[in-house]
Amino acid sequence: QAYSYQQGASPSLSLSDNNTSIVAGIREYMPGDRLQWIDWKATARKDAIMTKEFEQEKSIDMLVVLDAGSHASRNMIAFEGAVELADSLLAKLQKKSSQLMLKTLADRTASFSFQLNKAQMDNIRRHLSTIMPAENQTFSKQLAQEQHKLPAGLIMMVVTTSMDEGVLEALVQMQLKAKRVILFFIAPSTQLTSEVRKLLKQLDYRGVMVNVLTEAE
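What counts, and at which threshold
Every chain is numbered on its own, with residues counted from 1 as its sequence reads. Where totals are concerned, whole chains, interfaces and linings use all residues; where local detail is concerned, this predicted model gives features only for residues with pLDDT of at least 70, and gives and counts side-chain atom pairs only at 80 or more. No hydrogens and no water enter the side-chain calculation; it runs on all heavy atoms of the structure. Buried, partly exposed and exposed residues are distinguished by accessible area as a fraction of the type maximum, computed with a 1.4 Å probe on protein chains only: under 20%, between the cut-offs, and over 50%, respectively. Secondary structure follows DSSP: runs of H or I at least 4 residues long count as helices, runs of E at least 2 residues long count as strands, and numbering of each begins at the N terminus. Strands were regarded as paired on the criterion that DSSP finds at least two bridges between them. The crossover handedness rule: strands pointing away from the viewer, path from first strand over the helix to second strand clockwise, crossover right-handed. Polar contacts here mean pairs of N or O atoms no more than 3.5 Å apart (in protein, one a potential hydrogen donor and the other a potential acceptor; neighbouring residues in sequence count only if both atoms are side-chain atoms). Residue contacts follow a heavy-atom distance rule, with two residues in contact if any of their heavy atoms lie within 4.5 Å. Salt bridges are defined by distance alone: a side-chain nitrogen of Lys or Arg within 4 Å of a carboxyl oxygen of Asp or Glu.

Time to look at the pairing of strand β9 (residues 209-213). Buried residues dominate β9, accounting for four of its five residues. Across five bridges, strand β8 (residues 180-186) lies against β9 in parallel orientation. Within β9, the position partnered with I186 by the bridge is L213. With respect to chirality, the unit in which β8 leads through helix α6 (residues 194-205) into the neighbouring parallel β9 is right-handed.

So, about the side chain of T160. As for its position among the elements, T160 is in strand β7 (residues 155-160). A polar atom in the side chain of T160 sits 2.6 Å from the side chain of D67. Excluding residues within four positions of it along the chain, T160 makes contact with D67, F139, L183, F184, F185 and I186.

Attention now moves to the pattern of salt bridges. As enumerated under the stated definition, the model contains three salt bridges in all. The partner of R125 in a salt bridge is D87, with the nearest N and O atoms 2.9 Å apart. Here D87 lies in helix α2 (residues 76-93) and R125 lies in helix α3 (residues 118-130), a separation of 38 residues in the sequence. The exposure class assigned to R125 is partly exposed, which follows from its relative accessible area of 39%. Here K103 ties to E146 by a salt bridge, and the two come within 3.2 Å at their closest N and O atoms. Of this pair, K103 sits in strand β5 (residues 99-105) while E146 sits in helix α4 (residues 139-147), and the two are 43 residues apart along the sequence. E146 shares its class with K103; the two are buried.

Purely spatial values, then, with no claim about function.
What follows is the structure in structure tokens.
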């Protein structure tokens, strides 16, 4: 089950600015795309929902950050879901970005600059298939350390199974230098406590695009 804290929105993979105006082509609709971007003539011709693609979409620098840090409430099924989601994001975003990067934060931080070739994608998938949660490093601490090393103006997508005050503060600090921060929080519904929901709402209020994924009911 998935939902977004953006009112009426589904988990968002749409990364265009609201003021984008140069139409470069069309592509298939993805969850999070605005309804006003749908090209109805192309939709009728192709018998599939098609949306306008804007020139800026092809030159955005993006970073996917995967949480593999340690925390007491770690759920391995949720962690495996986070890894799969990170892999899916890379597959969807590789054609939208001139510079796509992946960082995994575990006992050691691993970074990949995404190149459009099979060998690099194989390396990334091999890394994701073997990654295990850290034993000592917490995600909030790693995220706080990494934000100082990141260039400004990126769209940052953070995939995590942990949420606490430290993660909130690190994401808010990221928001100050990023073009946009999009959070994908994956957890069993039993871990969506009132405290966690409060933190997620605070992030939404402070401009982070929050998406929550739980097990299907």
